[in-house]
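Residue strings, one per chain:
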Amino acid sequence: MNWTWFHRLGSPKWFYGISGRWLPLLSVAAVLLLAAGLVWGLAIAPADYQQGNSFRIMYIHVPAAFLAQSIYVSMAICGLVGLVWKMKIADVALQQSAPIGAWMAFIALLTGAIWGKPTWGAYWVWDARLTAMLILLFLYFGIIALGQAISNRDSAARACAVLAVVGVVNIPIIKYSVEWWNTLHQPASFTLTEKPSMPASMWIPLLLMVLGFYCFYAVVLLMRMRLEILRRESRTSWVRAEVTQLTGRKS
Amino acid sequence: MNWNWGSKRMGKVFFLLLVREARLMFRRPGELVNPLVFFAIVISLFPLAVGPESQLLRTLSPGLVWVAALLAVLLSLDGLFRSDFEDGSLEQWVVSPHPLGVLVLAKVLAHWLFSGLPLVLLSPVLALMLGLPTDHIPVLLVSLLLGTPILSLLGAVGAALTVGLKRGGILLTLLILPLYIPVLILGSGVLQAALQGLPTLGFLLWMGSMLMLAITLTPLAIAAGIKISVGE
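### Points about the overall build of chain B
Argument step 1. Helix and strand counts for chain B come out as nine helices and zero strands.
Argument step 2. Of the regular secondary structure in chain B, the N- to C-terminal order runs α-α-α-α-α-α-α-α-α.
Argument step 3. What you see for chain B is a C-alpha radius of gyration of 18 Å, in line with the 17 Å of a compact globule of 232 residues.
Argument step 4. Counting only C-alpha atoms and orienting by the principal axes, one finds that chain B spans roughly 55 × 35 × 30 Å.
Argument step 5. Look at the contacts in chain B between residues 6 or more apart in sequence, and 81% of them connect residues 24 or more apart.

Encoded structure:
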């Protein structure tokens, strides 16, 4: 297998160039997918026979929850790459992913609470999945706080990488222990998981939304990373040339 | 990294570190007592807050003992590496020929012996005050014996990452408390099960395997954290 692309990722300049080419494509994909999924899911898809129209918040809730979990895993992978190959881009990706992941976890919790009121009759129940998502939000807060507390940029990146890797080893343990705890304390739990199997007119918009959210994440992450790279490499000549070209005046 | 356990020297270094830690601890006996007093005070806050009704306190006792123990361990962890960091011992550890993972394991073991183990020994008294039946005390002891080393090991990861920071204390709790949740769930779960007359062995085996996992993996993370903090 040809590994040149991987070695090239070590160069911020190369990454800046290639991400500039991906960005328009990903943005268009994100807008199209989200627009199609939202219109289909919120307006066209049939109402649930039990929950009525309130189930439609699922089209935001489920993609956000998906993304919150996979962003944490991707952060741990970035952390491992950063620790092993000392790759700056991986450090940047890790630290710039954390706020997006925290927002996704927050959105998932918020929509979950709003959805819970008509469905369960309470904004918050100590359901296993809700609790696991809350813990995930706390893990994101920890990484963000650690990254901000350490002033040296490289130390901060490596500390966050270690914490992300430790966290990702813990996540399965946390998830299963929380599920176990829940079955211990509330035998007759609310069964969010045992929904009637969805017809295609309901899950296709959901799939579109999930893909759209992933594209949205990629777009936001690339934009944040590009900004951070410009900030970090601000002394190099290529960044100066780039900024001069973008703003039209000497930096 | 050469993990040569067979060599006499590594074992000797491990032992010498333990003795050093013990000597340092006994020169400042106040630090030994502080987590214990904290543990006792937190436990006695709960009856004051929720009322002295014995049935309620008995139901709550597994959770209360575990939460208080967890907070006491966390409190004692803040200073785990601090003095070694300030006087330069940690740097010597990093440049020494011995694997850093083994050295930190000795450090964490010493910490557990002098702050975790006394908590375990004190816990039956406090649990009895909360109304936990006497025949469940052995289960409580075993669960704390298996659980508190995990708390020390996981907490040491956070302590290693934050040792170089001026105000590491609150950050440490933020980093570590989410990771403590499985131990808390299993630890109080085993007592809940005992109170309901259910078998407890499965929980204890789970905790034992988590302890093995923690002993195996966390020294690597602690060592990485110390290298980052020292290198800064």
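And the narrative resumes.
### Comments concerning the overall build of chain A
Argument step 1. When helices and strands are counted, chain A shows eight helices and zero strands.
Argument step 2. Oriented by its inertia axes, the alpha-carbon framework of chain A measures out at about 60 × 40 × 40 Å.
Argument step 3. When burial is assessed residue by residue, chain A has 38% of its 251 residues classed as buried.

### Focus on the confidence of the model for chain B
All names here are of chain B.
Argument step 1. Across chain B, pLDDT averages 88, with 97% of residues at or above 70.
Argument step 2. Mean pLDDT across the secondary structure elements of chain B bottoms out at helix α1 (residues 8-27), with 85, and peaks at helix α7 (residues 137-162), with 93.
Argument step 3. Here the prediction assigns the complex a pTM of 0.87, and the interface score ipTM is 0.85.

### Some remarks on the interface of chain A and chain B
Argument step 1. Each side of the interface is counted separately: chain A has 25 residues, and chain B has 21 residues.
Argument step 2. Among the secondary structure elements, those contributing two or more residues to the side of chain A that touches chain B are α5 (128-149) and α6 (153-185) of chain A.
Argument step 3. Examining the composition of the side of chain A that touches chain B, we find that 15 residues originate from one element, α6(A), more than from any other.
Argument step 4. By residue class, the composition of the side of chain A that touches chain B is 19 nonpolar, five polar and one charged.

### Section: helix α8 (residues 168-195) of chain B
Residues and elements named next belong to chain B.
Argument step 1. An ideal rise of 1.5 Å per residue puts 40 Å on 28 residues; α8 measures up with 38 Å between its terminal C-alpha atoms.
Argument step 2. The largest bend in α8 is about 40 degrees, located at leucine 177, with the proline proline 178 one to four residues further on.
Argument step 3. When you tally the buried positions in α8, you get 21 out of 28 residues, the bulk of the element.
Argument step 4. Just beyond α8, the residue with positive phi is glycine 197, at close to 75 degrees.

### With respect to the environment of A:Met75
Argument step 1. Considering the arrangement of structural elements, one finds A:Met75 in helix α3 (residues 58-85).
Argument step 2. As for A:Met75 and A:Ala156, which are separated by 81 residues in sequence, their C-alpha atoms are 14 Å apart.

### Quick word on unusual backbone geometry
Residue and element names in this part refer to chain A.
Argument step 1. The backbone of lysine 86 shows a phi angle near 50 degrees, a positive value even though the residue is not glycine.
Argument step 2. Residue placement: lysine 86 occurs in the loop between α3 and α4 (88-120).
Argument step 3. Given 13 C-beta atoms within 10 Å, lysine 86 falls into the partly exposed group.

### Topic: the environment of A:Phe141
Argument step 1. Take A:Phe141: it is sitting in helix α5.
Argument step 2. Separated by 20 residues in sequence, A:Phe141 and A:Ala161 have C-alpha atoms that sit 14 Å apart.
Argument step 3. Setting aside residues no more than four positions away along its own chain, A:Phe141 makes contact with A:Ala102 and B:Leu174.

### Topic: the environment of B:Ile185
Argument step 1. Mapped onto the secondary structure, B:Ile185 falls in helix α8.
Argument step 2. A residue is classified by how many C-beta atoms lie within 10 Å of it, and B:Ile185, with 26 of them, is buried.
Argument step 3. Taking the C-alpha atoms as reference, B:Ile185 lies 14 Å from B:Leu140; in sequence the two are 45 residues apart.
Argument step 4. Discounting chain neighbours no more than four positions away, the residues touching B:Ile185 are A:Ser177, A:Val178, A:Trp180 and A:Trp181.

### Regarding the confidence of the model for chain A
Residues and elements named next belong to chain A.
Argument step 1. Model confidence for chain A is summarised by a mean pLDDT of 84, while 92% of its residues fall at 70 or above.
Argument step 2. Model confidence for chain A, summarised as mean pLDDT per element, is weakest for helix α1 (residues 4-8) at 76 and strongest for α3 at 91.
Argument step 3. Residue range residues 186-192 is modelled with pLDDT below 50. Its contacts to residues more than four positions away, or to other chains, number seven contacts.

### Here's the deal with the packing of α3(A) against α5(A)
Residue and element names in this part refer to chain A.
Argument step 1. Where α3 contacts α5, the axes come no closer than 11 Å and their chain directions differ by 45 degrees. When the axes of α3 and α5 are compared, the pair comes out oblique. Here α3 and α5 pass one another in a crossing that is left-handed. Residues Ala65, Ala68, Gln69 and Tyr72 of α3 lie in contact with α5, whose contacting residues are Met133, Leu136 and Leu139.

### Some details on the packing of helix α2 (residues 12-44) of chain A against helix α7 (residues 200-232) of chain A
All names here are of chain A.
Argument step 1. At a closest axis distance of 7 Å, the pairing of α2 and α7 adopts a crossing angle of 150 degrees. Taken together, the axes of α2 and α7 lie roughly antiparallel to each other. The interaxial crossing formed by α2 with α7 has left-handed handedness.
Argument step 2. Per-class residue counts for the contact of α2 with α7 are 24 nonpolar, five polar and one charged.

About the cut-offs
Residues numbered from 1 in each chain as written. Chains lettered and ligands numbered in written order. Predicted model: local features only at pLDDT ≥ 70, side-chain atom pairs only at ≥ 80, totals over all residues. Helix = DSSP H or I, 4+ residues; strand = E, 2+ residues; numbered from the N terminus. Rg over C-alpha atoms; globule rule 2.2 N^0.38 Å. Contact = placed C-beta atoms within 7 Å. Buried ≥ 20, exposed ≤ 12 C-beta atoms within 10 Å, placed from the backbone. pLDDT = per-residue confidence, 0-100. Nonpolar A, V, L, I, M, F, W, Y, C, P; charged D, E, K, R; others polar. Expected span 1.5 Å × (residues − 1). Bend = angle between axes of the 7 residues up to and from the residue. Axes fitted to C-alpha atoms, helices over the stretch in contact; angles between N-to-C directions. Parallel < 35°, antiparallel > 145°, perpendicular 65-115°, else oblique. Left-handed = near helix turned anticlockwise from the far one by under 90°.

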